[in-house]
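Geometric and topological summary
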Amino acid sequence: MIVYLQWVLIGLTSVLVASTVLPLSGVRFGAIRGLSFFRLQFFRLQFFWLAVVLAAIALLLPQGRWAGLVLAAVALVQLGYIVKFTRFWRRQSLGADRALAADKRSHISLLAANVKQSNRDYDALIALVRRQRPDVVMAVEVDQPWIDALESELAGEYPDWIKVPKDNTYGICVMSRLPLSEAEVREVVTQGVPSVRTAVTLGSGAQVRLYVVHPEPPVFHHDTKGRDSEIAHVGIEAAHDALSAIVTGDLNDVAWSRTTRSFQRLSGLLDPRVGRGFSIRFMRSTGGRDGPWTTCFTIRNSGW
Amino acid sequence: MARLEKIGSDHFPMMFRLALADRPMESIDAGSADPAEQAHIERMIWEEKKRERTPIGSDWED
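This write-up is about the structure you can find in this document. (Residues numbered from 1 in each chain as written. Chains lettered and ligands numbered in written order. Predicted model: local features only at pLDDT ≥ 70, side-chain atom pairs only at ≥ 80, totals over all residues. Heavy atoms only, no water.)

What about the sheet that holds strand β8 (residues 244-249) of chain A?
All names here are of chain A.
- The strand order across the open sheet built from four strands is β5-β6-β7-β8, with neighbouring strands paired in mixed fashion. Across the chains shown, the open sheet's two edge strands, defined by having one partner strand only, are β5 (180-186) and β8. Strand-to-strand twist across the sheet, computed as the mean angle between neighbouring axes with direction ignored, equals 15 degrees.
- Across six bridges, strand β7 (residues 207-213) lies against β8 in parallel orientation. By the bridge assignment for β8, L210 is matched with I246.
- Packing of helix α8 (residues 225-239) onto the sheet brings it into contact with β5, β6 (195-201), β7 and β8, and relative to β7 it is tilted by some 170 degrees. (Pairing = 2+ DSSP bridges. Helix = DSSP H or I, 4+ residues; strand = E, 2+ residues; numbered from the N terminus. Axes fitted to C-alpha atoms, helices over the stretch in contact; angles between N-to-C directions. Contact = heavy atoms within 4.5 Å.)

Points about the packing of aromatic side chains
- Within this structure, the stated rule accounts for one aromatic pair over all chains.
- When the ring of Y122 of chain A is compared with that of W146 of chain A, the centres are 4.7 Å apart and the planes differ by 90 degrees; the resulting orientation is edge-to-face. One end of the pair, Y122 of chain A, is in helix α6 (residues 122-132); the other, W146 of chain A, is in helix α7 (residues 144-154), and 24 residues separate them in sequence. For the pair formed by Y122 of chain A and W146 of chain A, the shared burial category is buried.
- One Lys or Arg, R3 of chain B, reaches over the ring of F12 of chain B and ends 3.9 Å from the middle of that ring. (Phe/Tyr/Trp six-rings, centres within 6.5 Å; stacked < 30°, edge-to-face > 60°. Buried < 20%, exposed > 50% of the residue type's maximum accessible area, 1.4 Å probe, protein only. Lys NZ or Arg CZ within 6 Å of the ring centre and 35° of its normal.)

So, helix α1 (residues 35-50) of chain B
- Compared with an ideal rise of 1.5 Å per residue, which puts 16 residues at 22 Å, α1 of chain B spans 23 Å between its outermost C-alpha atoms and is within 8% of the ideal.
- Inspection of α1 of chain B places E37, I41, M44, I45 and E48 of chain B among the buried residues, and these make up the whole buried set. The buried residues of α1 of chain B occupy one face: seen down the axis, they fall within an arc of 100 degrees. Turned more than 90 degrees off the buried face of α1 of chain B, the exposed positions are P35, A36 and K50 of chain B.
- In this structure, the buried residues of α1 of chain B make contact with α8 and α9 (258-267) of chain A. (Expected span 1.5 Å × (residues − 1). Arc of directions from axis to C-beta.)

Below you can see the structure in the form of structure tokens.
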């Protein structure tokens, strides 16, 4: 019985160690990078507690002390990822002070939605937009029927539009109550994967740069250089932009990944999730994929 | 920052409200890339731009 338990312990320990250590490597391959996606909040907590429980078991088994130490280290590494995205960590982008909070002309509200191209519940998004009344709406995975539906209902409320319908799940639509200028639709890295760069004029007259991106997802059998390059390219552009920058959309990445940390170093932009908690956007698995798909959203010179 | 209700997609929509300050606010530095990282990234982007391929996942909706 004890021998059986030891083998189970070795197997679980190996899985925990591999899935903790491999995403730290620089290997840009979906099977490796994708492991980061499994680190969503609850799964991380489960990992943490599983490691703690296994550590306790290991200490009771003959020669289990080493396994216990390894598992304890894994738990600490997992905790290290978690804690940055909780309220126990110092916020990276700060809340607005009273004067800034009162100055509504300096505010901007944005709604970002990945509609999932095959989803045809146009009315759900239209109703949500009408309830929330954001200044800017960004929808990704939109094809022509999606844009037609949004435009037929919301054109009167949103005067400025950037429409990039695509049948390959990489379509983008931006609609805004605030004036948009310098709008560009580019395919900067991979043909067929567009992104949007524009300027938004706030009520105060000040402008902010808005990047809307939806790079390729990490998949098991493919490298992630396309996605990583797209995200990095936007980061480098934002770093050299004279305007304060907002990067949003669906980055097909998670807040704690190596790619996102590199993006932040390249851009100098701030992550509002740090010190505030997770915001998981992905609900369930699709086509065998599973995990959280989060929107990275960062700005300089901003209050929150 | 708030997660909104589902709209029939496999993603939750997100809402963000920001205020633009007229000066950089005190905040934690996100760090900066060293020259080696910058060069590595720029090389990766350059190589990736040269590749000719179909975007990943284009067939998922079929």
